[in-house]
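# Summary of the model geometry
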Amino acid sequence: GGYGIGVTNVSGAHTVYSTLTTVNEAYALVTTVFNRTSNPIPKFTVVYISGGQGDLPTVRAAIANGEPTSSKTFGITEEIIPAMDTGRVVSYGNITGLNTDQYNPTAPHGDINGRVMYLSPTVSGAITLTKPYAPDHLVAVGTVIRTHQNEGVFNVRIQNGFELEELHNVAATGAVSGQ
């Protein structure tokens, strides 16, 4: 064995076990989720948690045009999630094998490496280079690491913006848009 790993032998049956209780490195936070909708959710779709199915969260495509569909933005699908089935969502870490060139306004020249991308306020589940402003909601979803037509890399890191009344040191009641 190695550090924190052991093997037991009972009546010829070998069992490998670990005594490790911590993880030194994690490359991504990935959650298995359930798609309770009647349509598949494509790979690289921004999703929010919409409920639960057994022990799994259910997800739907997020959109930044309202609080209910943006405030619980959870991650981005790592694979196609079939209707009424499970799949994987990355909440933090890289997704590979993407066409990130589609977001590059100068493609096939130049790149958008290092650019922050946002949840779209117009297309469900989509990302955009254009930073949304009120009345749309601001949700940064990550950064382009590699611009490429089919080997693109995107680093997921969800950062949800806040409304004024959600700030811990602000008490605002009765405010209307434009004040």
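One can find the structure itself at the top, above this paragraph.
Residues numbered from 1 in each chain as written. Predicted model: local features only at pLDDT ≥ 70, side-chain atom pairs only at ≥ 80, totals over all residues. Heavy atoms only, no water.

Ala107 connects to Pro108 through a cis peptide bond whose omega is 5°. Here Pro108 is to be found in the loop between strand S7 (85-98) and strand S8 (116-119). Across the junction of Ala134 and Pro135, the peptide omega takes the value 15°, indicating a cis bond. By the element assignment, Pro135 lies in the loop between strand S9 (127-128) and strand S10 (139-146). The residue Phe44 is not glycine, and still its phi comes out positive at about 65°. Structurally, the position occupied by Phe44 is in the loop between strand S3 (28-35) and strand S4 (46-53). Here the phi dihedral of Met84 falls at roughly 55°; this positive angle occurs in a residue that is not glycine. Its location among the elements puts Met84 in the loop between strand S6 (73-77) and S7. (Helix = DSSP H or I, 4+ residues; strand = E, 2+ residues; numbered from the N terminus.)

Once that is clear, we can look at the pattern of salt bridges. The full count for this structure, using the stated rule, is two salt bridges. Glu78 is the salt-bridge partner of Arg88, the closest N and O atoms lying 2.6 Å from each other. In this pair, Arg88 is assigned in strand S7 and Glu78 in the loop between S6 and S7, connecting sequence segments 10 residues apart. Its salt-bridge partner being Arg146, residue Glu151 comes within 3.2 Å of it at the nearest N-O pair. Accessibility expressed as a relative area gives 44% for Glu151, which makes it partly exposed. (Salt bridge = Lys/Arg side-chain N within 4 Å of Asp/Glu carboxyl O. Buried < 20%, exposed > 50% of the residue type's maximum accessible area, 1.4 Å probe, protein only.)

The next point concerns the nonpolar core. If you look at the biggest cluster of nonpolar residues, it comprises 20 residues, and the most contacted ones within it are Phe44, Ile76, Met117, Ile127, Val141 and Phe154. Every element with two or more residues in this core is listed here: S4, S7, S8, S10 and strand S11 (152-160). Sequence-distant contacts of Ile127, defined by excluding residues within four places in its chain, comprise Phe44, Val46, Tyr103, Met117, Tyr118, Ser120, Val141 and Phe154. Listed in part, the seven residues of the second largest apolar core include Val33, Val47, Val59 and Val89. (Core = buried A, V, L, I, M, F, W, Y, C linked by side-chain atoms within 4.5 Å. Contact = heavy atoms within 4.5 Å.)

Where S8 lies against S10, three bridges are found, and the strand directions are antiparallel. Across the sheet, the residue bridging to Val116 is Thr143, located in S10. In the sheet, S10 pairs with S11 via six bridges, with the strands oriented antiparallel. Within S11, the residue paired with Gly142 across the bridge is Val156. Hairpin geometry of S10 and S11 is characterised by an intervening segment of five residues between the two adjacent antiparallel strands. (Pairing = 2+ DSSP bridges.)

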